Amino acid sequence: MKRLALIALLFCAGPAPAQDITLPDFERVVLDNGTVLLLAEKRDIPLVGLQAIVRSGTYVDPAGREGMAALLAALLQKGAGKRDAATFASATANVGGTISAGASTEAVSVSAEFLARDAGLMVELVADLLRRPALDDAEFVKERDRAIAMIQAAKGSNLPALMPAYARAFIFGDHPYGNPTFGSEASLAEIDHDELRQHYADHFGGDRLIVAVAGDFDLESMKGRLSAAFADWAPAATALPAVPAPSRQVGRRVLLVDKPGAAQTYFWLGNVGVAIDYPRRAELRIANTLFGGRFTSMLMTALRVEGGLTYSAYSVVEQLSAPGAVTIRSYTETGRTTEAIDLAIEMLGRLHRRGVNDKMIASARNYIMGQFPPTLETVSALAGMLAFLEQNGLDRSFIDAYGEALAAATPVNVHNAISDVYPVTDNLVVVLIGDAAAIRESAKKYGPVTEMSITEPRFKALTSP
């Protein structure tokens with residue numbers, strides 16, 4: 001899943017190919033049951049990488065059972081087919097392979113990498129994991145308890161890990177993008193074993209599946225293996241629900257999560273942005289690189305280098321099938337909370353007022369092009385890229401034509417992207433985790449405040465201003 005996370009990060013505002021980079025040739029096959037196979041031969045090293053995506057994810061978690069998809073993904077790895085959890089793990093480790101599963105907003109994904117000689121075993125294990133998971137009751141209890149314990153531990157020592165759950169819940173409200181990926185203490189405790197089994201039946205099936213494979217294999221042989229493994233998989237029991245477009249916040253509102261005695265305040269400022277099919281993706285990637293996407297960005301320069309307020313300040317544009325969140329993210333010592341937030345808001349206003357110039361665009365373009373090679377150079381990265389494109393309905397021009405689009409970016413077009421995507425300073429959702437006793441009054445300057453305690457067993461505030 002780390003490789004998929006890297007791809008998601010690089011593509012949060014569109015990918016960044018160099019002008020002479022094109023997607024390698026691959027074959028796309030659609031089986032009769034709807035499963036999509038993507039196969040790319042890459043014979044330079046004796047490895048095979050696989051990325052399987054089941055279209056589902058945390059956005060289909062039932063209300064009050066948030067975390068179901070993540071819990072299911074964890075359990076998929078605890079035995080499948082005729083192998084129990086230990087035997088399944090040994091079958092992978094004994095040949096030096098890797099298999100991992102995880103859940104994101106719109107997918108449950110499986111990543112695998114094996115030596116070419118063990119490609120048959122890789123397909124067998126992945127097929128068992130997806131189609132014949134044990135979903136053992138005892139393993140279910142262990143994984144659910146572990147997930148709850150990790151949230152509780154993070155509340156004591158890893159607040160940044162929790163910020164996405166609080167922030168997305170407050171930005172998106174009841175929209176399914178507001179579901180916490182890993183669930184909450186309250187929602188995980190409500191999930192029982194029968195419900196998880198039913199969720200698997202409802203949302204796993206051949207019609208939801210994408211399998212991308214890249215590496216050292218014979219194309220026809222691999223196509224035959226994958227077809228034999230997945231062609232007779234029945235469809236999921238329920239139709240994949242459409243994702244409604246979330247509403248943008250008009251005006252300001254604030255969520256304050258009280259962590260008494262906290263020495264630092266963690267904060268996100270943002271709103272709803274744009275979807276993955278946003279047409280000015282090159283210009284948006286340039287804008288985000290300059291604003292908060294690299295160490296020499298506007299935000300890092302202002303808040304860290306010049307202001308001495310933080311070690312980290314950055315901006316993220318999340319693009320999904322519907323518009324995701326665009327956010328400024330940072331932290332500072334409690335006594336300087338207002339100073340840091342004011343400066344972040346000022347930098348956002350400056351981005352809108354001043355835009356960017358040709359010299360800045362050239363610098364961002366060079367940086368972006370330099371970041372691109374890892375997204376295609378390994379077999380696992382290539383498989384992940386192919387799966388990503390298929391999942392989002394994007395063709396190869398998303399890669400092949402992108403360097404040209406980057407080269408064609410102008411200050412006017414980049415400014416248009418800024419206007420389209422980044423919220424103006426009057427329309428902001430502000431989320432703070434910190435010592436409420438110290439920052440409560442200052443938080444009110446940013447809008448009506450909803451307050452909740454870090455000890456509450458959920459991430460969504462029960463009331464709002």
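For the structure, check the block above.
Structure report, in brief.

Here is what the cut-offs are and how they apply
- Residues numbered from 1 in each chain as written.
- Predicted model: local features only at pLDDT ≥ 70, side-chain atom pairs only at ≥ 80, totals over all residues.
- Heavy atoms only, no water.
- Core = buried A, V, L, I, M, F, W, Y, C linked by side-chain atoms within 4.5 Å.
- Buried < 20%, exposed > 50% of the residue type's maximum accessible area, 1.4 Å probe, protein only.
- Helix = DSSP H or I, 4+ residues; strand = E, 2+ residues; numbered from the N terminus.
- Contact = heavy atoms within 4.5 Å.
- Axes fitted to C-alpha atoms, helices over the stretch in contact; angles between N-to-C directions.
- Parallel < 35°, antiparallel > 145°, perpendicular 65-115°, else oblique.
- Salt bridge = Lys/Arg side-chain N within 4 Å of Asp/Glu carboxyl O.
- Pairing = 2+ DSSP bridges.
- Phe/Tyr/Trp six-rings, centres within 6.5 Å; stacked < 30°, edge-to-face > 60°.
- Lys NZ or Arg CZ within 6 Å of the ring centre and 35° of its normal.

### Quick look at the nonpolar core
As a rule of thumb, soluble globular proteins bury nonpolar side chains together. Counting residues in each nonpolar core, the largest one holds 80 residues, and the members touching the most others are Leu130, Tyr166 and Phe230. With 9 residues, the single largest contributor to this core is helix H6 (residues 159-172). Non-local contacts of Leu130, meaning those with residues more than four positions away in its chain, are made with Ala52, Val54, Val110, Tyr200, Phe204, Leu209, Phe230 and Trp233.

### Digging into the packing of helix H10 (residues 281-292) against helix H13 (residues 358-371)
Contact geometry of H10 with H13 gives a least axis separation of 9 Å together with a crossing angle of 95°. Taken together, the axis directions place H10 and H13 in an arrangement best described as roughly perpendicular. Along its contact with H10, which presents Arg285, Ile286, Thr289 and Leu290, the element H13 presents Met360, Ile361, Ala364, Tyr367 and Ile368.

### Points about the pattern of salt bridges
Pairing between side chains becomes possible if they bear opposite charge and their charged atoms approach one another. The tally for this structure, following the rule as stated, stands at 27 salt bridges. Arg131 is the partner of Asp232 in a salt bridge, and the nearest nitrogen-oxygen pair spans 2.6 Å. Of this pair, Asp232 sits in the loop between helix H9 (219-230) and strand S7 (253-258) while Arg131 sits in helix H4 (residues 119-131), placing them 101 residues apart in sequence. By relative accessible area, which is 57% here, Asp232 ends up exposed. Glu451 serves as the salt-bridge partner of Arg440, at 2.8 Å between the closest nitrogen and oxygen. Of this pair, Arg440 sits in helix H18 (residues 436-443) while Glu451 sits in strand S12 (residues 449-453), and the two are 11 residues apart along the sequence. With a relative accessible area of 35%, Glu451 lands in the partly exposed category. Taken together, the shared-partner salt bridges in this structure form one network comprising Arg83, Glu124, Asp128 and Arg132.

### Concerning the sheet that holds strand S3 (residues 47-55)
The strand order across the open sheet built from 6 strands is S1-S2-S6-S3-S5-S4, with neighbouring strands paired in mixed fashion. The sheet terminates laterally at strand S1 (27-30) and strand S4 (98-104), the two strands that pair on one side only. Pairwise comparison of adjacent strand axes, ignoring direction, gives a mean angle of 15° for this sheet. Summarising the sheet, S3 and strand S5 (residues 107-115) pair through 9 bridges and their orientation is antiparallel. Along S5, the bridge assignment pairs Ile53 with Ser109. Contacting S3, S4, S5 and strand S6 (209-215), H4 runs over the sheet at an angle of about 160° to S5.

### Regarding the sheet that holds S12
The strand order S9-S10-S8-S11-S7-S12 describes an open sheet built from 6 strands, whose pairing is mixed. A strand with exactly one partner marks an edge of an open sheet, and here the two such strands are strand S9 (313-319) and S12. Pairs of neighbouring strands in the sheet enclose a mean axial angle of 15°, with direction left out of account. One ladder, built from 6 bridges, connects S7 with strand S11 (residues 429-434); its direction is parallel. For Leu255, the partnering residue across the bridge sits in S11 and is Val431.

### Observations concerning the packing of aromatic side chains
In the structure shown here, the tally under the stated rule is 7 aromatic pairs. When the centroid spacing of 5.8 Å and the interplanar angle of 80° are considered together, the rings of Phe182 and Phe459 count as edge-to-face. Of this pair, Phe182 sits in the loop between H6 and helix H7 (185-190) while Phe459 sits in the segment after S12; the two residues are 277 residues apart in sequence, bridging distant segments of the chain. Looking at Phe182, the relative accessible area reads 31%, which means it is partly exposed. A relative accessible area of 3% places Phe459 in the buried class. Stacked on the ring of Phe459, the Lys or Arg Lys155 has its end atom at 5.9 Å from the ring centre. Its end group placed over the ring of Tyr367, Arg294 keeps NZ or CZ at 5.7 Å from the ring centre.

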